[in-house]
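Chain by chain, the residues run as shown.
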Amino acid sequence: MRKLSTRRRHPLAGLVVLLTGLVVAGGLYAAFAPKPATAEAITSRDVEAGRQLFVIGCASCHGVNAEGIPTTRGNVYGPSLVGVGAAAVDFQVGTGRMPMAQTAPQAPKKEVEYNPEEVRQLAAFVASLAPGPAIPGDEYTDIDKASIADIREGGEIFRTNCTACHNSVGAGGAMPGGKYAPDIRDVTPVHLAEAMITGPQQMPVFSDEVITPEDKRNVIAYVKKLNSDPGYGGIGGGSLGPVVDGMFTWIIGIGGLAGFAIWIGAHGARVKKR
Ligand code: HEC
Ligand code: HEC
């Protein structure tokens, strides 16, 4: 310990700390950064491999040909997937929503059960049934290309189209019928784009005519910016909004004042005189 604290004063110590920090941060980034989507050609082998995975893992609810299975009550075990496209499969399986474990108002996110290769094959199989949206490429997800103005534009679009359900900072919120709009701050760019393109559950579909690919990229850049914002002073309170601020003011602020008043009452000059 002694040794460390003397070395800490070495003129180069600061530099060493800085460099170590940079290397660690760089390594972490490389390890966790989403890999660029490589437009690998889909082969009939992929489709066949996907079909086999599908029969085992998905057909019990969606049917062997993904045509959907109606229940006797008139709803479905699983809806038809004909025409939902590779994007929907990549989103649903890639976020762990599918395969759904049990019936619930909404398929929750969970541990992803298939490796990226298998997800690609499942997507290839479903995409082979009928045309549908493909897995979005760089034009949607390359957020490093977004300028400050683009991000601001993305913020506009986000506030107009998304905050009603996902809250102004993307923290999510409850919806009727035990459903909810999830927190989207940790979602990868590809899954963000896929959610907009496919509109899972109660979420509307934002087609490329409504929000262009470039604007989708700007929205994603904005959401990712929100995510990395340092916060501007004060206590975030989990970004839950004014309720937390109010609670904080109430309990700490008013509570503190009340406590102080009591203290004055107990220690004031008059008390001492007595
Ligand atoms: C236990 C039943 C069940 C299983 C197993 C299951 N699903 Fe689903 N799936 C559902 C239900 C119910 C929905 C609709 C509810 C929802 O979207 O949350 C759905 C929705 C989907 C959607 C979204 C469709 C759309 O319109 O966007 C896709 C894609 C999908 N499933 C793919 C799969 C794949 C691929 C598998 C296998 C890996 C799978 N599912 C396994 C029940 C199931
Ligand atoms: C009407 C309410 C509503 C609006 C408006 C809406 N969403 Fe959603 N969103 C939802 C719901 C509900 C889900 C959850 C679907 C599910 O779990 O199957 C969701 C899911 C998502 C997800 C997936 C999150 C995850 O955890 O995997 C993303 C990303 C997303 N939305 C982004 C957006 C963006 C961006 C916009 C605006 C362009 C938007 N949403 C507008 C209701 C909404």
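Residues numbered from 1 in each chain as written. Chains lettered and ligands numbered in written order. Predicted model: local features only at pLDDT ≥ 70, side-chain atom pairs only at ≥ 80, totals over all residues. Heavy atoms only, no water.

Asker: Pulling in residues and values, what's your account of the packing of helix 3 (residues 44-57) against helix 6 (residues 116-129)?
Answerer: To describe two helices that pack against each other, one gives the angle between their axes and the distance between the axes. Two elements in contact, helix 3 and helix 6, have axes separated by 7 Å at closest approach and are oriented at 95°. Of the possible angle classes, the one that applies to helix 3 and helix 6 is roughly perpendicular. Touching Asp 46, Val 47, Ala 49, Gly 50, Arg 51, Leu 53 and Phe 54 of helix 3 are Glu 117, Glu 118, Arg 120, Gln 121, Leu 122, Ala 124, Phe 125, Val 126 and Ser 128, all from helix 6. Split by residue class, the contact of helix 3 with helix 6 holds eight nonpolar, three polar and five charged. (Axes fitted to C-alpha atoms, helices over the stretch in contact; angles between N-to-C directions. Helix = DSSP H or I, 4+ residues; strand = E, 2+ residues; numbered from the N terminus. Parallel < 35°, antiparallel > 145°, perpendicular 65-115°, else oblique. Contact = heavy atoms within 4.5 Å. Nonpolar A, V, L, I, M, F, W, Y, C, P; charged D, E, K, R; others polar.)

Asker: How would you explain the coordination of the iron atom of ligand 2 if you had to name every residue and give the values?
Answerer: Only His 166 (NE2) and Met 203 (SD) from the protein reach the iron atom of ligand 2 as donors, at distances of 2.0 to 2.2 Å. For the iron atom of ligand 2, the six donor atoms in the first shell make angles of 83 to 178° at the metal, so the coordination geometry reads as octahedral. Taken together, the positions of His 166 in helix 9 (residues 163-166) and Met 203 in the loop between helix 10 (189-198) and helix 11 (213-228) put the pair 37 residues apart, joining distant regions of the chain. Exposure remark for His 166: the relative accessible area of 11% places this residue in the buried category. (Donors = N, O, S within 2.8 Å, 3.2 Å for Na, K, Ca; no water. Tetrahedral: all angles 85-135°; square planar, octahedral: opposite > 155°, others 65-115°. Buried < 20%, exposed > 50% of the residue type's maximum accessible area, 1.4 Å probe, protein only.)

Asker: Which residues make up the coordination of the iron atom of ligand 1, and what values do they have?
Answerer: In this structure, His 62 (NE2) and Met 98 (SD) serve as the protein donors to the iron atom of ligand 1, at separations of 2.0 to 2.2 Å. For the iron atom of ligand 1, the six donor atoms in the first shell make angles of 86 to 179° at the metal, so the coordination geometry reads as octahedral. With His 62 in helix 4 (residues 59-62) and Met 98 in the loop between helix 5 (85-94) and helix 6, this residue pair connects regions lying 36 residues apart in the sequence.

Asker: Pulling in residues and values, what's your account of the site of ligand 1?
Answerer: In the neighbourhood of ligand 1, 18 residues make up the surrounding shell, with Cys 58, Cys 61, His 62, Met 98 and Gln 201 lying closest. His 62 places a polar side-chain atom, nitrogen or oxygen, 2.8 Å from a nitrogen atom of ligand 1. The separation between an oxygen atom of ligand 1 and a polar side-chain atom of Gln 201 is 2.6 Å. Of all the secondary-structure elements, those providing two or more residues to the shell around ligand 1 are helix 4 and helix 5. (Near = heavy atom within 4 Å. Polar contact = N/O pair within 3.5 Å; in protein donor to acceptor, adjacent residues only side chain to side chain.)

Asker: Give me the lowdown on the confidence of the model for the chain, citing residues and values where you can.
Answerer: This prediction gives the chain a mean pLDDT of 84; 76% of its residues lie at or above 70. Here residues 35-39 is a poorly scored stretch, pLDDT under 50, and it has one contact once near neighbours within four places are set aside; other chains count. (pLDDT = per-residue confidence, 0-100.)

Asker: Tell me about the site of ligand 2, and please be specific about residues and values.
Answerer: The immediate surroundings of ligand 2 are formed by 27 residues, with Lys 109, Cys 162, Cys 165, His 166 and Met 203 found nearest. Separating an oxygen atom of ligand 2 from a side-chain N or O atom of Gln 106 is a distance of 2.9 Å. In the environment of ligand 2, a nitrogen atom lies 2.8 Å from a nitrogen or oxygen atom belonging to the side chain of His 166. Per element, the largest residue contribution to the shell around ligand 2 is three residues, and it comes from helix 10.

Asker: Got a sec to walk through the side chain of Glu 194? Specific residues and values, please.
Answerer: Along the chain, the position of Glu 194 falls in helix 10. Of note is the side chain of Glu 194, whose polar atom sits 3.2 Å from the backbone nitrogen of Phe 91. Setting aside chain neighbours within four positions, we find Glu 194 in contact with Ala 87, Asp 90, Phe 91, Ile 135, Pro 136 and Gly 199.

Asker: Mind laying out the nonpolar core, listing which residues take part and the relevant values?
Answerer: If you look at the biggest cluster of nonpolar residues, it comprises 20 residues, and the most contacted ones within it are Phe 158, Ile 184, Leu 192, Val 219 and Val 223. Contributing elements (two or more residues each) for this core: helix 8 (148-161), helix 10 and helix 11. Considering every element that reaches this core, the biggest residue donor is helix 11, with six residues. What Leu 192 contacts, discounting residues up to four positions off in sequence, is Ile 184, Val 187, Ile 220, Val 223 and Lys 224. Listed in part, the 19 residues of the second largest apolar core include Val 89, Ala 107, Tyr 114 and Val 126. (Core = buried A, V, L, I, M, F, W, Y, C linked by side-chain atoms within 4.5 Å.)

Asker: Explain the pattern of salt bridges residue by residue, including any values.
Answerer: Across all of its chains, the model carries ten salt bridges by this definition. Ionic pairing is found between Glu 48 and Arg 51, a salt bridge with its closest N-O pair at 3.3 Å. Note that Glu 48 and Arg 51 are positioned in helix 3 at a spacing of three residues, about one turn of the helix. A salt bridge links Asp 183 to Arg 185, with the nearest nitrogen and oxygen atoms 2.7 Å apart. (Salt bridge = Lys/Arg side-chain N within 4 Å of Asp/Glu carboxyl O.)

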